[in-house]
2 protein chains.
Amino acid sequence: MVTIKEIAERCGVSITTVSRVLNNKGDSISEKTKERIFRVVDELNYVPNAVARSMVTKRTNNIALIVPDISNPFFADIAKGAERTCVNRGFHLFLCNSDMDKEVEKEYIRVLRKRLVDGMIITTQNTEEYDVIFEEMLEDNYPFVFIERYSDKLADVPGVFAGNMDGAYNITKHLIELGHKDIAFITGPLVTSNARYRLEGYQRALKDHDLPVNPKLIRNGNYKVAGGYRETKTLLEQNIQFSALFASNDLMAFGAYQAVKEYGLEIPEQLSIVGFDNIDMPGVIEPQVTTMDIPAYEMAVKAVTILLDLIEGRTPKESKVYYPLKLVNKGSTAPKKEVQDFA
Amino acid sequence: MVTIKEIAERCGVSITTVSRVLNNKGDSISEKTKERIFRVVDELNYVPNAVARSMVTKRTNNIALIVPDISNPFFADIAKGAERTCVNRGFHLFLCNSDMDKEVEKEYIRVLRKRLVDGMIITTQNTEEYDVIFEEMLEDNYPFVFIERYSDKLADVPGVFAGNMDGAYNITKHLIELGHKDIAFITGPLVTSNARYRLEGYQRALKDHDLPVNPKLIRNGNYKVAGGYRETKTLLEQNIQFSALFASNDLMAFGAYQAVKEYGLEIPEQLSIVGFDNIDMPGVIEPQVTTMDIPAYEMAVKAVTILLDLIEGRTPKESKVYYPLKLVNKGSTAPKKEVQDFA
DNA sequence: GTGAAAGCGCTAACAT
DNA sequence: ATGTTAGCGCTTTCAC
C-alpha cells in the first residue's frame, strides 16, 4: 500500500509538502512541485489513508443514518435523500438498519459514536431508556439530528418532522366529510412519536366533528404489511360496523387491502381504506389508496444539511423543521349505506 | 473524550495492560488488575477509539455493500441479510446506494478501499471499464465478493449468484406450456450480467420449443417500475400480437400491470404477466404475478460469510455459489384465443 | 504479571 | 516556498 512517504521520496520533497498539495493548502508551493507530486500520485494511484487522516483531524467525513426498516419505501427514500446529499458534500453515509430492535439501535449508537462517524441522523424508538444516551451525546457536543422521532425531554435536539398530527387530522376529516362516521384506525408502534401523533390527529378530528371515539375500532399495528393485514382481519371478525379504515401508514394499508379482499368486500364500495406516507408504488394497487404525502427525500436532505452544519461548526439556519403534509386523493368515496352493515 | 491513557492512570497501570485486558489478551494479568480496569472502564463509560485501533491493526471491522437501488425490495432484502450477518459477527455494514450511476459506483469503490472498509460486496454494473479496478484489487489481495454480477474476465472473483438463465428459461417454459406462443420480454439493463442471462434464458426456451424469437417483442428496460410501464406501453402501441409478457423483474412487472390496465385489457384473461425476484408485496397486486423466487436474504448471508472468511484469512468453503430459483405460480393462465388479437 | 517504546500514516504548528 | 517535529490513540514487540 503506497503511503505519503513514498510519494514524498519519489518527488524529493517532504511529506508535509505532499500533504499540503493534496489538501489544497499549497498556496505557497511552486507549480512545478505541485505538478510533480500530482504526477507521481497518479502514477502510483495513491489515495490517502482515510483512517490515518481521521486520527489527526478527528473527523471521518462519515455520518450514519439509523432507520428501523429499510424495506419500507418511506425509509428507502429517506436513505436516498441522505446519501445523495452526503456524497455531494464529500461525506459518506453509514446506513444502519435496526429492524426495530432496541438493542441493535443502542449498539449502533454506542459504536458509531466512537469516532467512526462525525454525526448521526436518528430514527430510533426513543423510549425513556434512550434519554440517557442522548443526554450524554448532547453533553459531549456530539452532533445528531432526529428525523420523524421526537423526544419530549430533549426538545432542543435538532430535527426534521412531518406534520403528523395535522396530517392525520386532515385525512380523517376527509373521510368524515365524505360521510363516513365509523372509521377504524390502525396505529403504528406507539413507542414512536409519529405513531402517537397520527393517533391523536385521528381522535381530534372525530371529536371536532362530534363523532365518538370507539376504542374497539382502534387497533395497534406495527407499520408493516403483515401487521395491517392481521389487525384488519381482527377488526372484520369483531363484527363491528365501520365504513372506512385509516391505516397509519401505506404498508399497513396494503395489508388491510389484502385482508378486506379476502373477506370478500369491495373497495371502496363497501369499505374505504386510506393510508399515510404516499409510498411510490404506481399502479400496483387497484383502486389506489388515498394517503398523505410526506416529503421524505426532501426531509432527509434537510436533515443532512443541518447535521453537516453542526459538524462543520456552523449554526444551522433552522434546526427544527416541520413539513406540512398534502392529502393525495386517489379516489376515496362516500360510504354506501345499504352495504355498510356487512359483518 | 476519555482515552486509554486516562484509564491507565486512574488504575495505576500502563496503557499496555489496559489494552491487553480490553482485547482479551490478558492471560497473564492478575484478576485484581482486570477487575479494577473493568470497573474504571464502566465508570467512565470508555469505549476504545475505533479509528486509532484501525490505524495499527489495519482493520476497521467494517465492510461495504454497494447496491444499485435500495428502493428495490430485492436489494433491501440483500441489505438486510448482509447487515444482520455483519452485526452477528462483530462487523458493521456501510450500505452504499449508487443509483446505477457508474461514477458514483467507482467513486465508492475507490474511496472505501482506502482502509475505510476491510472488504466489499459488490453489485455494480461491471462493464469493461471496471475490469481495471477489480484487477487492481485482486493484485492487492483486497477482499471482495460479487452478488448477482458476473465479470467474464474475472472468473475467479468469489461470488454468489442466482440461476438466472435457468430461471428465465423455466418461467418462459411455464408460459409456453400454458399455451402461450407470443411472449413479449422486457430486459433489465443489459450492462448487468443477470439481465443478459435472463434474456438468454427466455430466448433459449423459445428456441427449444420451436418458437420464433421476435425482436419486436423484446424491449430494453431498466429494472424500474417506470421502465416497465414505458416499455409495455410501447409494446401495446406497436400493434403486435402477444398473449403474455415476461418482465425481467417484478418492479417492471408492476409497471407493466399499470400500462396494461390503462390500456383496458384484463389480466390474465387477455394478457398474462410474469416477473422475476418474488418481491414481497402481499396482496397488493390483484391478481398476483407469477414470478421466480430468488433467495436474496440467504444469498447475502452467504456473501458476507465468504467475505469475512477472506478478510480473516480463512479459505472459504465455497467461493462461488449458485442458487437455483423456484417458480412461484400465483395463477398464470392459458391464453384466451378469442381475445388474443386485442391490438 | 507488567511496562517502555516504537510506530501505524497522516496533519499542523512552528520553524527557516 | 519548503522542512522538522510532535502527536493523534491505540497495539505490539521486546524486556524485565
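So, how was this worked out
- Residues numbered from 1 in each chain as written.
- Chains lettered and ligands numbered in written order.
- Predicted model: local features only at pLDDT ≥ 70, side-chain atom pairs only at ≥ 80, totals over all residues.
- Heavy atoms only, no water.
- Helix = DSSP H or I, 4+ residues; strand = E, 2+ residues; numbered from the N terminus.
- Buried < 20%, exposed > 50% of the residue type's maximum accessible area, 1.4 Å probe, protein only.
- Contact = heavy atoms within 4.5 Å.
- Areas by Shrake-Rupley, 256 points an atom, 1.4 Å probe, with all protein chains shown as cover.
- Lys, Arg positive; Asp, Glu negative; His and termini not counted.
- Charge placed at Lys NZ, Arg CZ, Asp CG, Glu CD.
- Least-squares fit on C-alpha atoms with pLDDT ≥ 70 in both.
- Pairing = 2+ DSSP bridges.
- Axes fitted to C-alpha atoms, helices over the stretch in contact; angles between N-to-C directions.
- Salt bridge = Lys/Arg side-chain N within 4 Å of Asp/Glu carboxyl O.
- Nonpolar A, V, L, I, M, F, W, Y, C, P; charged D, E, K, R; others polar.
- Near = heavy atom within 4 Å.
- Polar contact = N/O pair within 3.5 Å; in protein donor to acceptor, adjacent residues only side chain to side chain.
- Domains from an automatic or database assignment.
- Parallel < 35°, antiparallel > 145°, perpendicular 65-115°, else oblique.
- Left-handed = near helix turned anticlockwise from the far one by under 90°.

### Looking at the overall build of chain A
Logical step 1: Along its length, chain A carries 13 helices and twelve strands.
Logical step 2: Projected onto the principal axes, the alpha-carbon positions of chain A cover approximately 90 × 40 × 35 Å.
Logical step 3: Out of the 343 residues in chain A, the part that is buried amounts to 57%.
Logical step 4: Contacts in chain A between residues at least 24 apart in sequence constitute 71% of all its contacts with a sequence separation of at least 6.
Logical step 5: Just so you have it, chain A exposes about 14,500 Å², and 48% of that area is on carbon and sulfur atoms.
Logical step 6: Each charge sign in chain A was given a centre, from 42 positive and 48 negative side chains, and these centres are 6 Å apart.

### A look at the relation of the copies chain A and chain B
Logical step 1: With an RMSD of 0.2 Å, the operation that places chain A on chain B is a rotation of 180 degrees combined with a shift of 0.1 Å along the axis. What the rotation and shift describe, once combined, is the action of a two-fold rotation axis.
Logical step 2: Taken as a fraction of all interface residues of chain A, those also at the interface in chain B reach 100%, which identifies the copy contact as same-surface.

### Some remarks on the sheet that holds strand 11 (residues 320-323) of chain B
Residue and element names in this part refer to chain B.
Logical step 1: The six strands lie next to each other as 2-1-3-4-5-11, forming an open sheet whose pairing is parallel. Where the open sheet ends on each side, the last strands, each with one partner, are strand 2 (92-97) and strand 11. Across the sheet, the mean angle from the axis of one strand to that of its neighbour is 15 degrees, orientation sign disregarded.
Logical step 2: Examined bridge by bridge, strand 3 (residues 119-122) and strand 4 (residues 144-147) share three bridges and lie parallel to one another. The residue bridging Ile121 from the neighbouring strand is Val145, located in strand 4.
Logical step 3: Against the sheet, helix 5 (residues 73-88) touches strand 1 (62-67), strand 2 and strand 4, its axis set at about 160 degrees to strand 2.

### Points about the interface of chain A and chain B
Logical step 1: Each partner contributes residues to the interface: chain A has 47 residues there, and chain B has 47 residues.
Logical step 2: The partner of Asp69 of chain A in a salt bridge is Lys80 of chain B, with the nearest N and O atoms 3.1 Å apart.
Logical step 3: Elements supplying a minimum of two residues to the side of chain A that touches chain B: helix 4 (50-57), helix 5 (73-88), strand 2 (92-97), helix 6 (102-113) and helix 11 (250-262) of chain A.
Logical step 4: Counting residues per element, the side of chain A that touches chain B draws most heavily on strand 2 of chain A, at six residues.
Logical step 5: Residues of the side of chain A that touches chain B, tallied by class, amount to 24 nonpolar, ten polar and 13 charged.

### Regarding the protein's contact with DNA strand D
Logical step 1: Around DNA strand D sit 29 residues in total, of which Thr16, Arg20 and Lys58 of chain A together with Ile4 and Tyr46 of chain B are the nearest.
Logical step 2: Backbone atoms, meaning sugar and phosphate, make up 58% of the atoms of DNA strand D lying within 4 Å of the protein.
Logical step 3: Between a phosphate oxygen of DNA strand D and a main-chain N or O atom of Ile4 of chain B, the distance comes to 2.4 Å.
Logical step 4: Listing elements by their share of the surface near DNA strand D, those giving two or more residues are helix 2 (15-22) and helix 4 of chain A together with helix 2 (15-22) and helix 4 (50-57) of chain B.
Logical step 5: Take the surface near DNA strand D: its biggest share by element is five residues, from helix 4 of chain B.
Logical step 6: Across the surface near DNA strand D, the residue classes tally to eleven nonpolar, 13 polar and five charged.

### Re the domain arrangement of chain A
Logical step 1: The domain boundaries assigned to chain A delineate domain 1 (4-48), domain 2 (60-162 + 295-325) and domain 3 (164-293 + 328-338).
Logical step 2: For domain 1 of chain A versus domain 3 of chain A, the separation of C-alpha centres amounts to 63 Å.

### Structural notes on unusual backbone geometry
Logical step 1: Pro268 of chain A follows Ile267 of chain A through a cis peptide bond whose omega is 0 degrees.
Logical step 2: Examined against the element boundaries, Pro268 of chain A turns out to sit in the loop between helix 11 and strand 9 (272-274).
Logical step 3: The phi torsion at Asn61 of chain B lies on the positive side, around 60 degrees, for a residue other than glycine.
Logical step 4: Tracing the backbone shows Asn61 of chain B in the loop between helix 4 and strand 1.
Logical step 5: In this structure Asn61 of chain B comes out as partly exposed when scored by relative accessible area, which is 29%.

### Observations concerning the protein's contact with DNA strand C
Logical step 1: In the vicinity of DNA strand C, 29 residues are found, and the nearest of them are Ile4, Ser19 and Tyr46 of chain A together with Arg20 and Lys58 of chain B.
Logical step 2: When the atoms of DNA strand C within 4 Å of the protein are grouped by moiety, sugar and phosphate amount to 63% of the total.
Logical step 3: At a separation of 2.8 Å, a phosphate oxygen of DNA strand C approaches a polar side-chain atom of Arg53 of chain A.
Logical step 4: Lys58 of chain B has a polar side-chain atom sitting 2.6 Å from a sugar or linking oxygen of DNA strand C.
Logical step 5: Residue assignment for the surface near DNA strand C shows that the elements contributing at least two residues are helix 2 and helix 4 of chain A together with helix 2 and helix 4 of chain B.
Logical step 6: Considering only residue class, the surface near DNA strand C consists of eleven nonpolar, 13 polar and five charged.

### Things to note about the packing of helix 10 (residues 225-237) of chain A against helix 11 of chain A
Residues and elements named next belong to chain A.
Logical step 1: Contact pair helix 10 / helix 11: the axes reach a minimum separation of 6 Å and the direction vectors enclose 45 degrees. Viewed along their axes, helix 10 and helix 11 adopt a mutual orientation that is oblique. Regarding helix 10 and helix 11, the two cross each other, and that crossing is right-handed. In contact with Val225, Gly228, Tyr229, Thr232, Lys233 and Leu236 of helix 10, helix 11 contributes Leu251, Met252, Gly255, Ala256, Gln258, Ala259, Val260 and Glu262.
Logical step 2: By residue class, the composition of the contact of helix 10 with helix 11 is eight nonpolar, four polar and two charged.

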